[in-house]
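Chain residues, written in single-letter form:
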2 protein chains.
Amino acid sequence: MNGILYGIGVGPGDPELMTLKAVRIIKENDIIAVPGAAVKDTVAYKIAVQAVPELAEKTLLPIYMPMTHDKKIMEENHEKGACSIESYLKQGLNVVFLTLGDPTIYSTFSYLQKKVEAHGFQTALVSGITSFCATAARMNMPLVEWNEQLHVLPAVHKLDSSLDQDGTYVLMKSGKKMNQVKSILEESKRDVVMVENCGMENERIFYSIPEIPDNAGYYSLIIAKEQDSQI
Amino acid sequence: MNGILYGIGVGPGDPELMTLKAVRIIKENDIIAVPGAAVKDTVAYKIAVQAVPELAEKTLLPIYMPMTHDKKIMEENHEKGACSIESYLKQGLNVVFLTLGDPTIYSTFSYLQKKVEAHGFQTALVSGITSFCATAARMNMPLVEWNEQLHVLPAVHKLDSSLDQDGTYVLMKSGKKMNQVKSILEESKRDVVMVENCGMENERIFYSIPEIPDNAGYYSLIIAKEQDSQI
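Procedures and definitions
- Residues numbered from 1 in each chain as written.
- Chains lettered and ligands numbered in written order.
- Predicted model: local features only at pLDDT ≥ 70, side-chain atom pairs only at ≥ 80, totals over all residues.
- Heavy atoms only, no water.
- Helix = DSSP H or I, 4+ residues; strand = E, 2+ residues; numbered from the N terminus.
- Rg over C-alpha atoms; globule rule 2.2 N^0.38 Å.
- Buried < 20%, exposed > 50% of the residue type's maximum accessible area, 1.4 Å probe, protein only.
- Contact = heavy atoms within 4.5 Å.
- Areas by Shrake-Rupley, 256 points an atom, 1.4 Å probe, with all protein chains shown as cover.
- Lys, Arg positive; Asp, Glu negative; His and termini not counted.
- Charge placed at Lys NZ, Arg CZ, Asp CG, Glu CD.
- Least-squares fit on C-alpha atoms with pLDDT ≥ 70 in both.
- Pairing = 2+ DSSP bridges.
- Axes fitted to C-alpha atoms, helices over the stretch in contact; angles between N-to-C directions.
- Phe/Tyr/Trp six-rings, centres within 6.5 Å; stacked < 30°, edge-to-face > 60°.
- Salt bridge = Lys/Arg side-chain N within 4 Å of Asp/Glu carboxyl O.
- Buried area = accessible area lost by both parts, 1.4 Å probe.
- Polar contact = N/O pair within 3.5 Å; in protein donor to acceptor, adjacent residues only side chain to side chain.
- Core = buried A, V, L, I, M, F, W, Y, C linked by side-chain atoms within 4.5 Å.
- Disulfide = S-S within 2.5 Å.

Undergrad: What am I meant to see in the overall build of chain A here?
TA: Broken down by element type, chain A carries six helices and 10 strands. The C-alpha radius of gyration computed for chain A amounts to 19 Å, which stays within 12% of the reference 17 Å derived for 231 residues, consistent with globular compactness. Over its C-alpha atoms, taken along the principal directions, chain A stretches across nearly 55 × 35 × 35 Å. Every one of the 231 residues in chain A was classed for burial, and the buried ones make up 57%. Considering only residue pairs separated by 6 or more positions, chain A has 67% of its internal contacts joining residues 24 or more positions apart. Just so you have it, chain A exposes about 9,800 Å², and 49% of that area is on carbon and sulfur atoms. The average position of the 22 basic charges and that of the 29 acidic charges among the side chains of chain A differ by 6 Å.

Undergrad: Which parts of the structure should I look at to understand the relation of the copies chain B and chain A?
TA: What relates the pair of chain copies is a rotation about an axis plus a shift along that axis. Under the fitted operation, chain B is carried onto chain A by 0.0 Å of movement along the axis and a turn of 180 degrees, and the coordinates agree to an RMSD of 0.0 Å. The transformation relating the two chain copies, once decomposed into turn and shift, fits a two-fold axis. A shared binding surface is used by both copies, with 100% of the interface residues of chain B retained as interface residues in chain A.

Undergrad: Would you mind going over the sheet that holds strand β2 (residues 31-35) of chain B with me for this structure?
TA: Picture the strands of a sheet paired through backbone hydrogen bonds; they go either parallel or antiparallel. Residue and element names in this part refer to chain B. What the five strands build is an open sheet, ordered β3-β2-β4-β1-β5; its pairing is parallel. Two strands lie at the open edges of the sheet, namely β3 (59-63) and β5 (122-126), each paired on one side alone. Averaged over all pairs of adjacent strands, the angle between strand axes in this sheet comes to 25 degrees, irrespective of strand direction. As paired elements, strand β1 (residues 4-9) and strand β4 (residues 95-99) share five bridges and run parallel to each other. When the sheet's bridge partners are listed, tyrosine 6 is paired in β4 with valine 96.

Undergrad: Help me understand the packing of aromatic side chains, please; the structure alone is not making it clear to me.
TA: Two descriptors summarise a pair of aromatic rings, namely the distance from one centre to the other and the angle between the planes of the rings. All names here are of chain A. Here the structure, examined in full by the defined rule, presents two aromatic pairs over all chains. Both rings, one in phenylalanine 97 and one in phenylalanine 109, keep their centres 5.2 Å apart while their planes meet at 40 degrees; by these two values the pair is tilted. Placement of phenylalanine 97 in strand β4 (residues 95-99) and of phenylalanine 109 in helix α4 (residues 109-118) is noted, with a sequence separation of 12 residues between them. Take phenylalanine 97 and phenylalanine 109: they sit in the same class, and that class is buried.

Undergrad: How do you make sense of the sheet that holds strand β2 (residues 31-35) of chain A when you look at a structure like this?
TA: Residues and elements named next belong to chain A. Read from one edge to the other, the open sheet built from five strands follows the order β3-β2-β4-β1-β5, with strand pairing classed as parallel. What marks the edges here is a single partner per strand, and that holds for β3 (59-63) and β5 (122-126). Each strand axis lies, on average, 25 degrees off the axis of its neighbour in the sheet, ignoring direction. Across five bridges, strand β1 (residues 4-9) lies against β5 in parallel orientation. Looking across to β5, one finds that isoleucine 4 is bridged to glutamine 122. Against the sheet, helix α3 (residues 71-89) engages β1, β2, β3 and β4, with an angle of about 155 degrees to β3. Of the strands in this sheet, β1, β3, β4 and β5 touch α4, which is tilted by about 155 degrees from β5.

Undergrad: Looking at this model, I keep getting lost on the pattern of salt bridges. Mind explaining?
TA: Two side chains bearing opposite charge may form a pair once their charged atoms approach each other closely. Scanning all chains against the criterion turns up 20 salt bridges over all chains. Members of the salt-bridge network, linked through shared partners, are Glu16 of chain A together with Arg24 and Glu28 of chain B.

Undergrad: Looking at this structure, I do not really get the interface of chain B and chain A. What am I missing?
TA: Note: interface size is frequently given as the accessible area lost on complex formation between the parts. Counting residues at the interface gives 58 residues for chain B and 58 residues for chain A. For the pair chain B and chain A, the summed buried surface comes to about 4,800 Å²; carbon and sulfur atoms form 55% of the total. By the criterion of area lost to chain A, the three top residues of chain B are Glu16, Leu20 and Trp146 of chain B, representing 16% of everything that side buries. Across the chain B-chain A interface, the total number found is four salt bridges. The shortest N-O distance in the salt bridge between arginine 24 of chain B and glutamate 16 of chain A comes to 2.5 Å. Where chain B touches chain A, the interface holds 27 residue pairs in polar contact (both at pLDDT 80 or more). Of all elements in the fold, only α1 (20-28), α4 (109-118), β5, α5 (131-138) and β6 (150-154) of chain B reach the threshold of two or more residues within the side of chain B that touches chain A. For strand β6 (residues 150-154) of chain A and β6 of chain B, the ladder comprises three bridges, and the chain directions are antiparallel. Paired with valine 152 of chain A across the strands is leucine 150 of chain B, a residue of β6 of chain B.

Undergrad: Looking at this structure, how should I read the nonpolar core?
TA: Nonpolar side chains in soluble globular proteins generally cluster together in the buried interior. Ranked by size, the top nonpolar core spans 87 residues in total, and within it Ile26, Leu98 and Phe132 of chain A together with Ile26, Leu98 and Phe132 of chain B carry the most contacts. Ignoring sequence-local partners within four residues, the contact set of isoleucine 26 of chain A consists of Met18, Ile32, Ala48, Val52, Leu55, Lys58, Val96 and Leu98 of chain A. By size, the runner-up hydrophobic cluster in this structure holds 18 residues, among which are Ile31, Leu61, Ala82 and Phe97 of chain A.

Undergrad: Looking at this structure, how should I read the pairing of β1 of chain B?
TA: Each regular strand displays side chains that alternate between the two surfaces of the sheet. For β1 of chain B, the buried fraction is high: six of the six residues fall into the buried class. A two-sided burial pattern is seen for β1 of chain B, the buried positions comprising Ile4, Tyr6 and Ile8 of chain B on one face and Leu5, Gly7 and Gly9 of chain B on the other.

Undergrad: Explain the state of the cysteines here, please?
TA: As enumerated under the stated definition, the model contains zero disulfides over all chains in all. No disulfide involves cysteine 133 of chain A; its sulfur sits 6.9 Å from the nearest other cysteine sulfur, which is in cysteine 133 of chain B. Given the relative accessible area of 1%, cysteine 133 of chain A is considered buried.

Here it is, written out as structure tokens:
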């Protein structure tokens, strides 16, 4: 019988924010796939190994997932990653893929999952703490209450919307386009907080739009709340 | 020195989806507050005690949080709950409040937190797995990929919006207004899945709008994706 490919969320950074289930599944399996060329340098590995030290002794499978907009290069690398994983599944071994945050929210795992399923293999997901929940917890503030709406926008590709819906906006991965993001935020008249590298050693917090630097890092998360919100 | 009030997410139902940090903080503290009149009957308690059996031997503090739209009754009960918690904080004891899912997403804890902070006490939050992440994982599907937006709408109060933004919609707690929700979903031409009591014994899954019963339970969660989504 073929093995199962597990996509496991390791949470946003603090190893204590891993779930009991993530820890158990990593412990129970021997083949651990990690998105990155040099496994032990990846953020996901560095988080998980603190909670499960025996991870260091397991078979570590680097899956190269380039950050590119070139569909052809992405496709080639996902295909290569899928084949590498499937070579173990075919032997009846499970493969555990570590992914930052949660595997259903902007996870590179989704691409691999589709490929591996299309090739006839079984997959399963284990939830992780999302970066937006962790950032709100870090700021000790609710994201949404009562009948408020929550809108999560990635700034990877395009960001042409004005933030005109009711409720709270979360802007993820805005780093590269911060100048544009800041002017959209200004227009929205919202209360803004930004956390860079939440929960990590190099964490920085910015409490207003002017404070936010134009060259913020990749792991920057902005929470923009309505000013009449009770918070 | 006063104690700290911790708001701790116990996740959506499966005790294995509790984080290492939630488990540690419950273990380390003796006063555990739970939203409900009969502590051991509450969902949050039933989840947590499976992961931390010694919880049963701790001081369990029932905090009655009525499900009402009457602001006066709510206010009175939150004030009463805050006072009950503060009687321990004043003794230098920490109080750990258990909350379903994540404490920053539609949590009753937010009300208590504001009261207790306004009275000069310190609070802290520990993230939990949200019901929408757990439901997507249960369905083995991504919620959002690449540049997709995520919109989370609670149907507690009003639901007058058409689902006209790009990306994925999550509708939470739609149970009572399911008839209305179903017609909004029909209009949206989206692919719909609903999970009732995700991860619990009485879980039910519905794969299309006509399948969804008009009398769905409180813990019903709908994921509505764009039809041209790659999933």
